[in-house]
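Breakdown of the fold
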Amino acid sequence: MLPLSVLGDGNEGIIKKIAGKPEVKKHLENLGFVVGDRVTVITEQNGNIIVKVKETRVAISKEMASKIYV
């Protein structure tokens, strides 16, 4: 398992685990990050990571991305 923050542009993976406090997990779930779903890293810009999850592009901080394991 690797954190999403180190996956690299253009790479994809299946979400295996979401770490953090319950409110962080809930926030990520509301954005579409659910264990078992596919996620693709589009690019990294200004300390944020743009990912594709559930056919939607979402920008999250590198800190948030480090809580998502693929």
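Our subject is the structure listed above.
Predicted, not measured: the structure shown is a model, and the values here were computed from it.

Each value, and the rule that gives it
- Residues numbered from 1 in each chain as written.
- Predicted model: local features only at pLDDT ≥ 70, side-chain atom pairs only at ≥ 80, totals over all residues.
- Heavy atoms only, no water.
- Core = buried A, V, L, I, M, F, W, Y, C linked by side-chain atoms within 4.5 Å.
- Buried < 20%, exposed > 50% of the residue type's maximum accessible area, 1.4 Å probe, protein only.
- Helix = DSSP H or I, 4+ residues; strand = E, 2+ residues; numbered from the N terminus.
- Contact = heavy atoms within 4.5 Å.
- Salt bridge = Lys/Arg side-chain N within 4 Å of Asp/Glu carboxyl O.
- Polar contact = N/O pair within 3.5 Å; in protein donor to acceptor, adjacent residues only side chain to side chain.

Description of the nonpolar core
Side chains that are nonpolar tend, in soluble globular proteins, to be buried together. Core analysis: the biggest nonpolar cluster contains 17 residues, and Leu 4, Ile 15, Phe 33, Val 39, Val 51, Ile 60 and Ile 68 have the highest contact counts within it. Counting only elements with at least two residues in this core, the list comes to α1 (22-31), β3 (38-45), β4 (48-53) and β5 (56-61). Top element by residues in this core is β4. It accounts for three residues. Setting aside residues no more than four positions away along its own chain, Ile 15 makes contact with Phe 33, Val 34, Val 35, Gly 36, Asp 37, Val 39, Ile 68, Tyr 69 and Val 70.

Some remarks on the environment of Ala 65
Its location among the elements puts Ala 65 in helix α2 (residues 62-65). In this structure Ala 65 comes out as buried when scored by relative accessible area, which is 0%. Excluding residues that lie within four positions of it along the chain, Ala 65 makes contacts with Pro 3, Leu 4, Ser 5, Ile 49 and Ile 60.

What about the side chain of Ser 5?
Here Ser 5 lies in the segment before β1 (12-14). On the basis of relative accessible area, Ser 5 is assigned to the buried category, the value being 15%.

A look at the pattern of salt bridges
This model, assessed by the stated rule, comprises five salt bridges. A salt bridge links Glu 29 to Lys 26; the nearest nitrogen and oxygen atoms lie 3.8 Å apart. Of this pair, Glu 29 and Lys 26 both sit in helix α1, three residues apart, roughly one helical turn. Of the residues examined, Glu 29 reaches a relative accessible area of 45% and is grouped as partly exposed. Between Lys 54 and Asp 37 there is a salt bridge, and its shortest N-O distance comes to 3.4 Å. Here Lys 54, found in the loop between β4 and β5, pairs with Asp 37, found in the loop between α1 and β3; they are 17 residues apart in sequence, far enough to count as distant. Taking relative accessible area as the criterion, Asp 37 reaches 23% and is therefore assigned partly exposed.

Thoughts on the environment of Glu 44
Of note, Glu 44 is situated in strand β3. As a C-alpha pair, Glu 44 and Lys 62 span 18 residues in sequence and 8.7 Å in three-dimensional space. Ignoring any residue separated from it by four or fewer positions in sequence, one finds Glu 44 in contact with Asp 9, Ile 49 and Lys 62. There is a polar contact of 3.0 Å between the side chain of Glu 44 and the side chain of Lys 62.

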